[in-house]
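Here's the letter readout for the chains.
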Amino acid sequence: MSTNLSAMRVEIITPDGTVFSDDNVDMVVARALDGEFGIMRNHAPLVAALKIWPVRIKKGDEEISIAVFGGFLEVRDNEVHIISGQAETPESIDVERAQQARERALARLESDDAEIDRVRAELALQRALMRLRVAGGSQVK
């Protein structure tokens, strides 16, 4: 465990394994279904359902964004555990593929075809935009 008395342990876990783990985190910012919130050391116990949104992890002057595709966040005893069906680090995101997914989703949403599943297309657009934001905000057109 960290000797930094202001730090927390943070883990982001998916069915494929641990995406992020660090014992020296100062703050976590996530978005629950009812809004964005921050977690710092000695936060009260909490369980929250997460939206498709980047989780921001702050360590000193560094900030890391990780694409988290929903799931749950639990805070207890200065530990933050995020369990998600899928999470991606900036390095693991295929920007070209995300841009193509964005274009496909936008085309579906702009289509007059009654057979288009608009909810599915909107979720695909949210996932693509989040990937582009996490990979580097300048990638979003």
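From a predicted model like this one, the values you see are computed outputs, not experimental measurements.

Considering the nonpolar core
Next, step 1: Formed by 22 residues in total, the largest nonpolar core has its most connected members in Ile57 and Val80.
Next, step 2: The set of elements that each furnish at least two residues to this core consists of strand E1 (8–14), strand E2 (17–25), strand E3 (27–32), strand E4 (35–40), strand E5 (46–59), strand E6 (62–76) and strand E7 (79–83).
Next, step 3: Looking at this core, the element that brings in the most residues is E6, giving five residues.
Next, step 4: The contacts of Val80, once residues within four sequence positions are left out, are Met8, Arg9, Val10, Glu11, Val28, Ile39, Leu73, Glu74 and Val75.
Next, step 5: The next biggest cluster of nonpolar side chains, apart from the first, holds six residues, and it includes Ala67, Phe69, Ile93 and Met130.

Concerning the pattern of salt bridges
Pairs can form between side chains of opposite charge whenever their charged atoms are close.
Next, step 1: This model, assessed by the stated rule, comprises ten salt bridges.
Next, step 2: Between Glu36 and Arg31 there is a salt bridge, with the nearest N and O atoms lying 3.9 Å from each other.
Next, step 3: A cluster of three or more residues bridged by salt bridges with shared partners is formed by Arg31, Glu36, Arg56, Lys58 and Glu63.

Some points on the environment of Glu96
Next, step 1: Tracing the backbone through its elements, the reader meets Glu96 in helix H1 (residues 95–110).
Next, step 2: Along the primary structure Glu96 and Asn24 are separated by 72 residues, whereas in three dimensions their C-alpha atoms are 33 Å apart.

Comments concerning a positive patch on the surface
Next, step 1: Together, Arg97, Arg104, Arg108 and Arg120 make up a positively charged patch on the protein surface.
Next, step 2: With three residues, H1 is the largest single contributor of residues to the positive patch.
Next, step 3: Inspection of the secondary structure assignment puts Arg97 in helix H1.

A look at the confidence of the model for the protein chain
Next, step 1: Considering every residue of the protein chain, the mean pLDDT works out to 90; 93% of them sit at 70 or more.
Next, step 2: Taking the mean pLDDT of every element in the protein chain, the minimum, 91, falls on helix H2 (residues 118–136) and the maximum, 98, on E7.

Considerations on the pairing of E4
Next, step 1: For E3 and E4, the ladder comprises six bridges, and the chain directions are antiparallel. When the sheet's bridge partners are listed, Val29 is paired in E4 with Gly38.
Next, step 2: Linking two consecutive strands that pair antiparallel, namely E3 and E4, is a turn of two residues.

Focus on the pairing of E2
Next, step 1: Across six bridges, E1 lies against E2 in antiparallel orientation. Counted as the bridge partner of Thr14 is Gly17 from E2.
Next, step 2: Joining the antiparallel neighbours E1 and E2 is a turn of two residues.

Looking at the packing of aromatic side chains
Next, step 1: All chains considered together, the criterion is met by zero aromatic pairs.
Next, step 2: Across from the ring centre of Trp53, 4.9 Å away, lies the NZ or CZ of Arg133, which sits over that ring.

What to know about the side chain of Ser84
Next, step 1: Mapped onto the elements, Ser84 comes out in the loop between E7 and strand E8 (87–88).
Next, step 2: By relative accessible area, Ser84 is classed as buried at 4%.
Next, step 3: There is a polar contact of 2.8 Å between the side chain of Ser84 and the backbone oxygen of Gly70.
Next, step 4: Each residue touching Ser84, except ones within four places of it in the same chain, is listed here: Ile13, Thr14, Pro15, Val68, Phe69, Gly70 and Gly71.

What counts and what doesn't
Residue numbers here run from 1 along each chain, matching the order of that chain's written sequence. Since the coordinates come from a predicted model, pLDDT governs what is reported: local features require at least 70, and pairs of side-chain atoms require 80 or more to be given and counted, while whole-chain, interface and lining totals use all residues. Here the side-chain values reflect all heavy atoms present in the structure, with hydrogen atoms and water set aside. Residues grouped as a nonpolar core are buried Ala, Val, Leu, Ile, Met, Phe, Trp, Tyr and Cys residues, joined through side-chain atoms within 4.5 Å. For the exposure calls, accessible area comes from a 1.4 Å probe over protein chains only, and a residue counts as buried if that area is under 20% of its type's maximum, exposed if over 50%, partly exposed in between. Secondary structure counts use DSSP, requiring at least four H or I residues in a row for a helix and at least two E residues in a row for a strand, with both numbered from the N terminus. We call two residues in contact when some of their heavy atoms are within 4.5 Å. The term salt bridge refers to a pairing of a side-chain nitrogen on Lys or Arg with a carboxyl oxygen on Asp or Glu at a separation within 4 Å. Patch membership needs two things, relative accessible area over 30% and no salt bridge, and members are linked within 9 Å if like-charged or within 5 Å if nonpolar (Val, Leu, Ile, Met, Phe, Trp, Tyr). Areas reported here follow the Shrake-Rupley algorithm with a probe of radius 1.4 Å; residue values treat only the protein chains shown as occluding. Positive charges come from Lys and Arg, negative ones from Asp and Glu, while His and the chain ends are left out of the count. A charged residue contributes its charge at one atom only: NZ of Lys, CZ of Arg, CG of Asp or CD of Glu. What pLDDT reports is the predictor's confidence in each residue, on a scale of 0 through 100. Here, any two strands with at least 2 DSSP bridges between them count as paired. The criterion for an aromatic pair is that two Phe, Tyr or Trp rings (for Trp, the six-membered ring) have centres within 6.5 Å, with stacked assigned to planes under 30 degrees apart, edge-to-face to planes over 60 apart and tilted to the rest. Geometrically, a lysine NZ or arginine CZ counts as sitting over a ring once it is within 6 Å of the ring centre and also within 35 degrees of the ring normal. Here a polar contact is recorded for every N or O atom pair within 3.5 Å, except that within protein the pair must consist of a potential hydrogen donor and a potential acceptor, and residues adjacent in sequence are included only if both atoms are side-chain atoms.

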